[in-house]
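A structural walkthrough
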Amino acid sequence: MFVHPYIRKMYESAPDTHRAKAMAEPPKPRETRSPTSLRSSTDPLTEELQCSICLDVFTNPVTTPCGHNFCKICLKECWDNRQDYSCPICKKTFNQKPELKVNTTLRDIVDHYKKRNHLKIPEVLCDICTVPKLKALKSCPACQSSYCKTHLERHFKVPGLKQHKLINPVKNLQDHLCQKHNRHLELFCRDDQTCVCVTCTVTEHKTHNNVPVEEESEKKKTQMKKTQTDVKQMIQDRMKKTEEIQRSVKLRKKNTEKEKADCVELFTDLIRSIERCQTELLEVMEQKQKAAEKQAEELIKELEQEISELKRRNTELEQLSHTEDHLHLLQIYPSLCSPLDTKIWISINTCVSVETLRRALAELQDTLDKKLNQNVMKRIQQYAVDVTLDHDTAHPELILSEDGKQVRHGNIKHDHPYNYKRFDKYIIVLGKEGFSSGRFYFEVQVKGKTQWNLGVARESINRKGELHLCPKNGNWSLWQSSGNKYQACESSPVPLSLNVMLQKVGVFVDYEEGLVSFYDVESRSHIYSFTGQSFTKKLYPFLSPCTNDKGKNSEPFIITPVSYDE
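These lines cover the structure that appears in this document, whether it is placed above or below. (Residues numbered from 1 in each chain as written. Predicted model: local features only at pLDDT ≥ 70, side-chain atom pairs only at ≥ 80, totals over all residues. Heavy atoms only, no water.)

Things to note about the overall build of the protein
Secondary structure assignment for the protein yields 9 helices and 22 strands. Of all 566 residues assigned to the protein, the portion counted as buried reaches 36%. A total accessible area of about 35,600 Å² is found for the protein, and carbon and sulfur atoms account for 53% of it. (Helix = DSSP H or I, 4+ residues; strand = E, 2+ residues; numbered from the N terminus. Buried < 20%, exposed > 50% of the residue type's maximum accessible area, 1.4 Å probe, protein only. Areas by Shrake-Rupley, 256 points an atom, 1.4 Å probe, with all protein chains shown as cover.)

What about the sheet that holds strand E13 (residues 439-445)?
Strand order across the open sheet formed by 7 strands is E10-E11-E22-E13-E18-E19-E20, with antiparallel pairing between neighbours. Two strands in the sheet have a free side with no partner beyond their single neighbour: strand E10 (398-400) and strand E20 (525-530). Mean inter-strand twist for the sheet, computed between neighbouring axes without regard to direction, equals 25°. As defined by bridge partners, E10 adjoins strand E11 (residues 406-409) across 3 bridges and the pair is classed as antiparallel. Across the sheet, Leu-398 pairs through a bridge with His-409, a residue of E11. (Pairing = 2+ DSSP bridges. Axes fitted to C-alpha atoms, helices over the stretch in contact; angles between N-to-C directions.)

Quick look at a negative patch on the surface
A contiguous patch of negative charge on the surface is contributed by Glu-286, Glu-293, Glu-297 and Glu-298. By the secondary structure assignment, Glu-293 is in helix H7 (residues 213-320). Its relative accessible area of 42% is what places Glu-293 among the partly exposed residues. (Patch = residues over 30% accessible without salt bridge, like charges linked within 9 Å, V, L, I, M, F, W, Y side chains within 5 Å. Salt bridge = Lys/Arg side-chain N within 4 Å of Asp/Glu carboxyl O. Lys, Arg positive; Asp, Glu negative; His and termini not counted. Charge placed at Lys NZ, Arg CZ, Asp CG, Glu CD.)

Thoughts on the side chain of Ser-139
Positionally, Ser-139 belongs in strand E5 (residues 138-140). Judged by its relative accessible area of 0%, Ser-139 is buried. One polar contact links Ser-139 to Ser-146, side chain to side chain, over a distance of 2.7 Å. Those residues in contact with Ser-139, other than ones at most four positions away along the chain, are Ser-145, Ser-146, Lys-165, Leu-166, Ile-167, Asn-168, Pro-169, Val-170 and Leu-173. (Polar contact = N/O pair within 3.5 Å; in protein donor to acceptor, adjacent residues only side chain to side chain. Contact = heavy atoms within 4.5 Å.)

Some thoughts on the sheet that holds strand E17 (residues 494-496)
Spatially, 6 strands are ordered E12-E21-E14-E15-E16-E17 in an open sheet, and the strand pairing comes out antiparallel. Looking at which strands have only one partner, the edges of the open sheet turn out to be strand E12 (429-430) and E17. Relative to strand E16 (residues 485-488), strand E15 (residues 475-481) runs antiparallel, the two sharing 4 bridges. Following the sheet pairing, Ser-481 is matched in E16 by Lys-485.

Details of helix H4 (residues 104-116)
Along its 13 residues, H4 runs 18 Å from first to last C-alpha, staying within 8% of the 18 Å computed at 1.5 Å per residue. Taken as a whole, H4 has its buried residues at Leu-106, Val-110, Tyr-113 and Lys-114. What you see down the axis of H4 is that its buried residues fit within an arc of 100°, all on one side. Facing away from the buried side of H4 by over 90 degrees, the exposed positions are His-112 and Lys-115. (Expected span 1.5 Å × (residues − 1). Arc of directions from axis to C-beta.)

Some words on unusual backbone geometry
Here the phi dihedral of Asn-182 falls at roughly 55°; this positive angle occurs in a residue that is not glycine. Tracing the chain through its elements places Asn-182 in the loop between helix H6 (159-162) and strand E7 (187-189). Residue Asn-182 is classed as exposed on the basis of its relative accessible area of 57%. One non-glycine residue, Cys-546, lies in the positive phi region at around 60°. Assignment of secondary structure puts Cys-546 in the loop between strand E21 (539-544) and strand E22 (557-560). A relative accessible area of 11% places Cys-546 in the buried class.

Some details on the packing of aromatic side chains
Evaluated as defined, the whole model comprises 10 aromatic pairs. With 6.4 Å between their ring centres and 70° between their planes, Trp-79 and Phe-94 make a pair best called edge-to-face. Of the two residues, Trp-79 sits in helix H3 (residues 72-80) while Phe-94 sits in strand E4 (residues 93-94), which places them 15 residues apart along the sequence. This pair shows no difference in class: Trp-79 is buried, exactly as Phe-94 is. With centroids separated by 5.5 Å and ring planes inclined at 45°, the aromatic side chains of Tyr-511 and Phe-535 adopt a geometry described as tilted. Placement of the pair is Tyr-511 in the loop between strand E18 (504-510) and strand E19 (515-520) and Phe-535 in the loop between E20 and E21, with a sequence separation of 24 residues. We note that Tyr-511, like Phe-535, is buried. Of the aromatic side chains, those joined through ring pairs into one cluster are Trp-79, Tyr-85 and Phe-94. (Phe/Tyr/Trp six-rings, centres within 6.5 Å; stacked < 30°, edge-to-face > 60°.)

A short note on the pattern of salt bridges
All told, the structure shown has 19 salt bridges when counted by the stated rule. Residue Glu-214 pairs with Lys-165 through a salt bridge whose shortest N-O separation is 3.9 Å. On the criterion of sequence distance, the pair formed by Glu-214 in helix H7 and Lys-165 in the loop between H6 and E7 is long-range, its members being 49 residues apart. We classify Glu-214 as partly exposed; its relative accessible area is 41%. The class for Lys-165 is partly exposed, based on a relative accessible area of 34%. Across the pair Lys-260 and Glu-257 runs a salt bridge whose closest N-O atoms are separated by 3.8 Å.

Rendered as structure tokens:
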């Protein structure tokens, strides 16, 4: 793709194109364009925006096939005075006369350059006036001339001239003539999307859809207005999105600062808990050690007494074993050989067991876990929102309370008017308010139910047909079935091992982080999290109490106010 030198010059250093100009033999410069001369300008684009023929700023610039630019009228006059068609700069000769069209991009750049440098753009002057020339009031493409008020009068009086179409004064009148037939371009060919003259409509454009240029211009203006309206709407949409992103960044920063403070508080509390538990554990161990030492002292005392008794008996037995007094031996034998009243010392343990330490550490871990869960719940509950169910989305068999805080399944299908928001096939209802940024949290009582689905859903979730609950289809939820079986509704359901029946479930969403988490409110423990999600649409609370199962699952879902008690 050809890139004009003047455009390259705006971004990088370009070679001196005027070396070629110096080597070429330029035609005689025209002297009628001095008002817009750039010769005294020091702008680096000055040379790039000068015509090498008239050495003035471009007027209606055209580009030759070899890539050089000239004023249209300058190049035309140059070729009119020669027998061949060659480039005045590089001398490249063209086999036939190139069709020259105004380079509108370059013309716009030149006009912008003139305005930026406060250069005077020459007025269109009357072609009939001598000196002084007056400002033209109208131009006549048919006559190829511009006229002041006085010289324009003939076009209003002479019958033949009255038929000419006058336009606002322009310098490039040749652009309004057909290059082939030298007639006014007063029609537009919609098939080829080009302006044509009357002669064109009876030759190569004979069977085409040709309309007056005024008609096509008005049509294009209407299209442009519509396009402009669309562009304005796109600008507003993007400005609105920019504001949303800025608000989201501010909110995220605010939340991050709060989280940092919460984390410091959390770990401070944990450290205090650890220190307190450590102190308590050491005290317990010290007490047990003292108790063990006291027990050992008592046992040693008893053992020493038993040892003394045993030694005394051993001495008596030793003496009797040598006696000749057989009668005396037989008399005291029963008392000496009877069992002593002593303890079975092998079963007594005076050490603090390893199992005792393990139990103490387990109790400490359990305490820390409870403390951590309490702090996490305390933090996410700060994002609690007031959820009200939307009657317009509720399946016809659902019964909602007047305040929109409870929902249960009934056996009667209500005759509701059609609503594109309503779920027609599945027992589902959404919350009224959606969320497209930040964090939010709500709690739902599920006590007594044997089946349910609970979570959040994307605004575009399918409401009129088959629906497989998973993130891919715009749903992030938990499912309870068969009484005490729980699972996370991923593309492939994930079974959850819970030790208790859930009574109340908390749902927490961090929109920017792509996080949806579920909590057991009663035990203040984490159940499951969908992580790494990408949210682009509004998210709504999603509740499905499922069918009442002949009364076995008749308990309602209840949206409960959040309690902040520790």
